Amino acid sequence: MPVSADDVRRAVAAGAGLIRETPVVSSQTLTERTGVTVALKAENLQRTGSFKLRGALAKLASLGKACEPGVVTGSAGNHALAVAFAARVRGVPCEVFMPEFAPIAKAEAAIALGAQVRLVGATVDESLTAARDRAEAGGLMFVHPFDDPEVIAGQGGLGLELLAQVPEMTRVIVPVGGGGLISGVAIAIKSQRPDVEVIGVQAEACAPFPASLAAGEPVAVQSALTIADGIAVKRPGRLTLGLIARWVDGLVLVGEDEVAEAMVFLLERAKLVVEGAGAVGVAALLAGRLPQDSSGTTVAILSGGNVDPGLLAQIARRHESQAGRRFVLLARLPDRPGSLALLLSLVGQLGANLLDVEHIREGFDLHVRETAVQLVLETRGPEHAAEVQRTVREAGYAEPRAVR
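So, here is what we can say about the structure in this document. Everything quoted here is computed from the prediction, not taken from an experiment.

**Here we look at the overall build of the chain**
- Secondary structure assignment for the chain yields 16 helices and 13 strands.
- Considering only C-alpha atoms, the chain reaches an extent of 75 × 50 × 40 Å along its principal axes.
- Evaluated residue by residue, the chain yields a buried proportion of 53% over its 404 residues.
- If you take every contact in the chain between residues at least 6 apart in sequence, the share linking residues at least 24 apart comes to 74%.
- Accessible surface computed for the chain: about 17,300 Å², of which carbon and sulfur atoms make up 50%.

What follows is the structure in structure tokens.
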């Protein structure tokens with residue numbers, strides 16, 4: 001095999017003193033919801049915000065002096081940060097190619113680490129192609145984010161940590177993008193504990209592995225549009241495809257809404273900021289994609305936490321609306337001084353918190369002396385929201401009718 005357990009152990013040495021041993025956190029809420037003892041491997045707390053640093057350090061260590069002219073890579077963000085950090089440690093130049101719509105926070109973080117960032121293409125695959133061309137033209141060393149034996153061996157260090165941290169582990173759930181993480185983790189764990197089940201999770205919106213495994217060769221998908229941008233890889237690597245076929249027990253898929261809910265769950269219940277790619281394992285558990293296994297502990301790897309703040313805020317607002325703690329109230333009222341104040345006073349008496357208010361005079365069938373207002377309110381839940389809506393209606397504030 002191109003990567004062995006011995007390779008993993010050697011790669012771990014490259015990160016000594018730099019790689020954090022990230023904590024394993026128990027989750028009573030997940031355990032109660034799933035009927036399975038669940039623990040979370042918080043790799044989102046790793047330096048640079050993801051597991052990727054393990055592989056990047058291992059790769060640059062293997063290159064030795066060959067990387068002195070500089071290194072170049074393509075990435076959605078996490079691998080870019082890891083290579084930039086590893087390059088800074090070794091004192092070598094670094095260029096990273098990222099998709100044009102990569103999260104701004106990740107691009108800025110790579111620049112802060114000293115990398116020269118180039119935004120090229122719409123997908124990770126296009127960025128990788130541009131990075132490879134740059135490496136060949138400039139005499140730089142290309143560092144692939146997943147389809148590289150040294151990178152895979154470095155990621156396997158996470159598996160060795162889990163063996164020591166969770167001796168009662170019977171199953172591990174791993175996010176899958178290009179397949180480097182799950183390949184390394186599976187090799188590290190199953191070489192010592194073949195009884196441990198290794199399950200991969202992909203986002204439905206970008207899931208090339210099921211078709212690729214069936215075909216026996218990499219098969220690209222058409223779209224990579226998903227909030228789990230860290231695993232939005234349209235085509236698996238040939239190396240990782242073979243390793244997954246050999247070492248991994250199964251793959252499941254999760255939807256965008258399920259990923260979003262898992263991110264909010266981790267924020268609210270575990271107090272952990274986790275990006276979409278890192279939350280797919282928890283999404284699979286919450287959605288019941290995995291069979292119950294009452295024996296031992298199931299570990300879900302939270303592979304990264306580099307989420308764009310704007311996206312996280314949007315997901316949190318959406319969750320609040322779905323949970324009935326945030327809703328929009330439309331009301332028609334006389335267009336004269338004091339009318340809005342009376343309505344807001346009533347809302348305040350009902351204990352609702354006003355988040356936003358907007359006058360609307362177009363698109364509704366209103367009298368010339370009427371106006372409509374849209375109130376964004378925060379409530380204690382669906383019952384409270386229904387009470388506010390009912391009381392406002394009973395007070396004579398009817399909802400405006402749309403113009404037809």
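**Remarks on the nonpolar core**
- Leu40, Met263, Leu266 and Val282 are the most contacted members of the largest nonpolar core, which totals 35 residues.
- Mapped onto this core, the elements with two or more residues apiece are β2 (38–42), β8 (197–203), β9 (250–254), α12 (256–269), α13 (276–286), β10 (297–302) and α14 (309–322).
- Leaving out residues up to four positions away in the same chain, Leu40 has contacts with Pro23, Val24, Val25, Ser27, Leu30, Leu266, Ala270, Val282, Ala300 and Leu302.
- Residues Phe51, Leu239, Ile244 and Ile301 belong to the second largest nonpolar core, which totals 34 residues.

**A look at the sheet that holds strand β13 (residues 370–378)**
- An order of β11-β13-β12 is seen for the three strands of this open sheet, with the pairing classed as antiparallel. Edge positions in the open sheet fall to β11 (326–334) and β12 (353–360), since each of these has one partner strand only. In this sheet, neighbouring strand axes are inclined to one another by 25° on average, regardless of whether the strands run parallel or antiparallel.
- Of the strand pairs in this sheet, β12 and β13 are connected by seven bridges, and their pairing is antiparallel. Bridge assignment links Val357 to a residue of β13, and that residue is Leu375.

**Digging into the packing of aromatic side chains**
- Going through the model one piece at a time under the given rule, you end up with zero aromatic pairs.
- Of note, Arg246 hangs over the ring of Trp247, and the distance from its end group to the ring centre comes to 4.0 Å.

**As for helix α4 (residues 78–90)**
- Here α4 spans 19 Å end to end across 13 residues, near enough to the 18 Å set by a 1.5 Å rise per residue.
- Counting buried positions over the 13 residues of α4 gives 10, a clear majority of the element.
- Turning to α4, its buried residues are Asn78, His79, Ala80, Leu81, Ala82, Val83, Ala84, Phe85, Ala86 and Ala87.
- Summarising the contacts, the buried residues of α4 are in contact with α3 (52–63), β3 (71–74), β4 (94–98) and α5 (104–112).
- Phi turns positive one or two residues past the end of α4, at Gly91, with a value near 70°.

**Notes on the pattern of salt bridges**
- Inspection of every chain in the model, using the stated rule, returns 21 salt bridges.
- A salt bridge links Lys106 to Asp229, with the shortest nitrogen-to-oxygen separation between them at 3.0 Å. In this pair, Lys106 sits in helix α5 while Asp229 sits in the loop between α10 (209–215) and α11 (238–247), placing the two residues 123 residues apart along the sequence. Asp229 shares its class with Lys106; the two are buried.

**Some remarks on the packing of helix α1 (residues 5–14) against helix α9 (residues 180–192)**
- It is the contact of α1 with α9, at a shortest axis distance of 9 Å, that shows an interaxial angle of 115°. For the pair α1 and α9, the sense of crossing is left-handed. Contacts between α1 and α9 involve Ala5, Val8 and Arg9 from the first element and Gly184, Ile187, Ala188, Ser191 and Gln192 from the second.
- Residue composition of the contact of α1 with α9, by class: four nonpolar, three polar and one charged.

**Examining the sheet that holds β9**
- Read across the open sheet, the six strands follow the order β1-β2-β10-β7-β8-β9; overall the sheet is mixed. Looking at strand neighbours, the two that pair on one side only are β1 (24–26) and β9, the edges of this open sheet. The sheet shows a mean angle of 25° between the axes of neighbouring strands, direction not considered.
- Pairing of β2 with β10, which is carried by five bridges, proceeds in the parallel orientation. Each residue of the ladder has a partner; that of Leu40, found in β10, is Ala300.
- Sheet strands touched by α12: β2, β8, β9 and β10. Its angle to β9, the strand with the most contacts, is close to 90°.

**Some details on the packing of α4 against α5**
- Put simply, α4 and α5 touch, their axes get as near as 9 Å, and they point 5° apart. By the angle between their directions, the pair α4 and α5 is classed as roughly parallel. When α4 is examined against α5, the residues Asn78, Leu81, Ala84 and Arg88 are found in contact with a partner set consisting of Lys106, Ala109, Ala110 and Ala112.

**Section: unusual backbone geometry**
- Backbone geometry places Thr48, a non-glycine residue, at a positive phi of 70°.
- As for its position among the elements, Thr48 is in the loop between β2 and α3.
- Residue classification places Thr48 among the buried positions, given a relative accessible area of 17%.
- For Lys271, which is not a glycine, the phi torsion comes out positive at approximately 60°.
- When its relative accessible area of 64% is taken as the criterion, Lys271 is described as exposed.

About the thresholds
- Residues numbered from 1 in each chain as written.
- Predicted model: local features only at pLDDT ≥ 70, side-chain atom pairs only at ≥ 80, totals over all residues.
- Heavy atoms only, no water.
- Helix = DSSP H or I, 4+ residues; strand = E, 2+ residues; numbered from the N terminus.
- Buried < 20%, exposed > 50% of the residue type's maximum accessible area, 1.4 Å probe, protein only.
- Contact = heavy atoms within 4.5 Å.
- Areas by Shrake-Rupley, 256 points an atom, 1.4 Å probe, with all protein chains shown as cover.
- Core = buried A, V, L, I, M, F, W, Y, C linked by side-chain atoms within 4.5 Å.
- Pairing = 2+ DSSP bridges.
- Axes fitted to C-alpha atoms, helices over the stretch in contact; angles between N-to-C directions.
- Phe/Tyr/Trp six-rings, centres within 6.5 Å; stacked < 30°, edge-to-face > 60°.
- Lys NZ or Arg CZ within 6 Å of the ring centre and 35° of its normal.
- Expected span 1.5 Å × (residues − 1).
- Salt bridge = Lys/Arg side-chain N within 4 Å of Asp/Glu carboxyl O.
- Left-handed = near helix turned anticlockwise from the far one by under 90°.
- Nonpolar A, V, L, I, M, F, W, Y, C, P; charged D, E, K, R; others polar.
- Parallel < 35°, antiparallel > 145°, perpendicular 65-115°, else oblique.

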